[in-house]
Amino acid sequence: MLNARSVLVTGSNRGIGLELIRQLLGNSKRPEWIFATCRDPEGPRAQELKKLAAQHHEVKIIPLEITDSSSIQAAVTKVTDLLQGAGLNLLINNAGMAKSRTMESETAEDMAEVYRNNVIGPMMVTQALFLPLLRKASRESRQKGMSCSKAAIINVSSEGGSITNILIFDLMPCVSYRCSKAALNMLTRCQSLGYAEDEILCIALHPGWVQTDMGGSIGQATMPVDASARAILNTLGRLTEKDNGTFVNWEGAGVPW
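Residues numbered from 1 in each chain as written. Predicted model: local features only at pLDDT ≥ 70, side-chain atom pairs only at ≥ 80, totals over all residues. Heavy atoms only, no water.

- The chain appears in an unreviewed UniProt entry as C-factor-like isoform X2 from Gekko japonicus.
- As stated in UniProt under Sequence similarities (unreviewed entry), the record for the chain gives "Belongs to the short-chain dehydrogenases/reductases (SDR) family." (UniProt positions renumbered as here; feature names shortened; annotations may be inferred.)

Below, the structure is given as structure tokens:
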């Protein structure tokens, strides 16, 4: 079972991110700190998240624009202060975006925007914001090996980025989205090698084709968001060093690159 003292989820105001926060609160070993980040905590799309935070003191809402370095620095300062000297056990890079474009309609501007949000954003968040806190959690843990309860980076990817599978290309080409997720997978592999000595577990995770705003925007999604989040948390509780640098789905099964 996942037993992380502190968890941070980006893109927590809706969809999978919001449901992960909700289900973490229902965990019998709920984290002491649940950092829920989103671009606009005061906006209309963050009302459900604000309700959860009002009901549960563990939830701390942190403003974070993942492509803005000043926003990232402000977030790390806030999280560091709230942790009061402790490290961060689990970072879930969930925030992302998709644009429904074909080979003919794809544009350089859209490609660049999606890449900034789905690849550069997670890299900046991990590198500049939470890597020192993850390293601290790993160093101070008494656990052997790697786990999501000790120190881990979970990059929410997609089977749509699998070069082998090319999941349902005929229904949703989404060229920029696919390219960005393939790049995110490579970022995950690089992180797994670069942070191996720190014993920080790095995983790319396909959550399923989930019934969220994003999932619905690029086709008829098939998986309820609560089922995806529940399975993801169960899987995170089972991952070990043998899974480091892998690409898995919500149930922990391997996905081909």
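**Here we look at helix α3 (residues 69–83)**
Inference 1: With 15 residues, α3 extends 21 Å from end C-alpha to end C-alpha; this agrees with the ideal 21 Å at 1.5 Å per step.
Inference 2: Along α3, the positions that sit buried rather than exposed are S71, I72, A75, V76, V79 and L83. Projection of α3 onto a plane perpendicular to its axis shows the buried side chains occupying an angular sector of 135 degrees, all on one side. Facing away from the buried side of α3 by more than 90 degrees, the exposed set consists of S70 and D81.
Inference 3: A positive phi of about 50 degrees marks Q84, the residue just after α3. (Helix = DSSP H or I, 4+ residues; strand = E, 2+ residues; numbered from the N terminus. Expected span 1.5 Å × (residues − 1). Buried < 20%, exposed > 50% of the residue type's maximum accessible area, 1.4 Å probe, protein only. Arc of directions from axis to C-beta.)

**Here we look at the pairing of strand β6 (residues 201–206)**
Along any regular strand the residues' side chains alternate between the sheet's two faces.
Inference 1: A large share of β6 lies buried, amounting to six of its six residues.
Inference 2: Of the two faces of β6, the one carrying L201, I203 and L205 and the one carrying C202, A204 and H206 are both buried.
Inference 3: Where strand β5 (residues 152–156) lies against β6, five bridges are found, and the strand directions are parallel. Its bridge partner being in β6, V156 is matched across the sheet by L205.
Inference 4: Sheet topology places β6 next to strand β7 (residues 247–249); three bridges connect them, and they run parallel. Across the sheet, the residue bridging to A204 is F247, located in β7. (Pairing = 2+ DSSP bridges.)

**Brief notes about the side chain of S228**
Inference 1: Mapping S228 onto the fold places it in helix α7 (residues 225–236).
Inference 2: Ignoring anything within four residues of it in the chain, the contact list for S228 reads P207, V210, M223 and W250. (Contact = heavy atoms within 4.5 Å.)

**A word on a nonpolar patch on the surface**
Inference 1: A contiguous nonpolar patch, built from Y115, I120 and M123 and spanning about 220 Å² of accessible area, is present on the exposed surface.
Inference 2: With respect to the helices and strands, the residue I120 is situated in helix α4 (residues 108–140).
Inference 3: Given a relative accessible area of 31%, I120 falls into the partly exposed group. (Patch = residues over 30% accessible without salt bridge, like charges linked within 9 Å, V, L, I, M, F, W, Y side chains within 5 Å. Areas by Shrake-Rupley, 256 points an atom, 1.4 Å probe, with all protein chains shown as cover. Salt bridge = Lys/Arg side-chain N within 4 Å of Asp/Glu carboxyl O.)

**Concerning the nonpolar core**
Inference 1: Judged by nonpolar contacts, the single largest core of 37 residues is most densely connected at L20, I21, L90, I92, C148, I154 and L236.
Inference 2: Residue assignment for this core shows that the elements contributing at least two residues are β1 (6–9), α1 (15–26), β2 (33–38), α2 (47–55), β4 (90–93), β5, β6 and α7.
Inference 3: The element contributing the most residues to this core is α1, with six residues.
Inference 4: F35, I72, V79 and L91 belong to the second largest nonpolar core, which has 26 residues in total. (Core = buried A, V, L, I, M, F, W, Y, C linked by side-chain atoms within 4.5 Å.)

**With respect to the pairing of β5**
Inference 1: Taking burial as the measure, the five residues of β5 include five buried ones, the bulk of the element.
Inference 2: Because side chains alternate across β5, one face comprises the buried residues A152, I154 and V156, and the other comprises I153 and N155, equally buried.
Inference 3: With four bridges joining them, β4 and β5 adopt parallel strand pairing. Directly across from L90, in β5, lies its bridge partner A152.

**Re the packing of α1 against α2**
Inference 1: One way to put it is that α1 packs onto α2 with a least axis distance of 10 Å and a crossing angle of 20 degrees. On the basis of the axis angle, α1 is roughly parallel to α2. Crossing of α1 against α2: the hand is left-handed. Of the residues in α2, those in contact with L18, I21, R22 and L25 of α1 are E48, L49 and L52.
Inference 2: For the contact of α1 with α2, a count of residues per class yields five nonpolar, no polar and two charged. (Axes fitted to C-alpha atoms, helices over the stretch in contact; angles between N-to-C directions. Parallel < 35°, antiparallel > 145°, perpendicular 65-115°, else oblique. Left-handed = near helix turned anticlockwise from the far one by under 90°. Nonpolar A, V, L, I, M, F, W, Y, C, P; charged D, E, K, R; others polar.)

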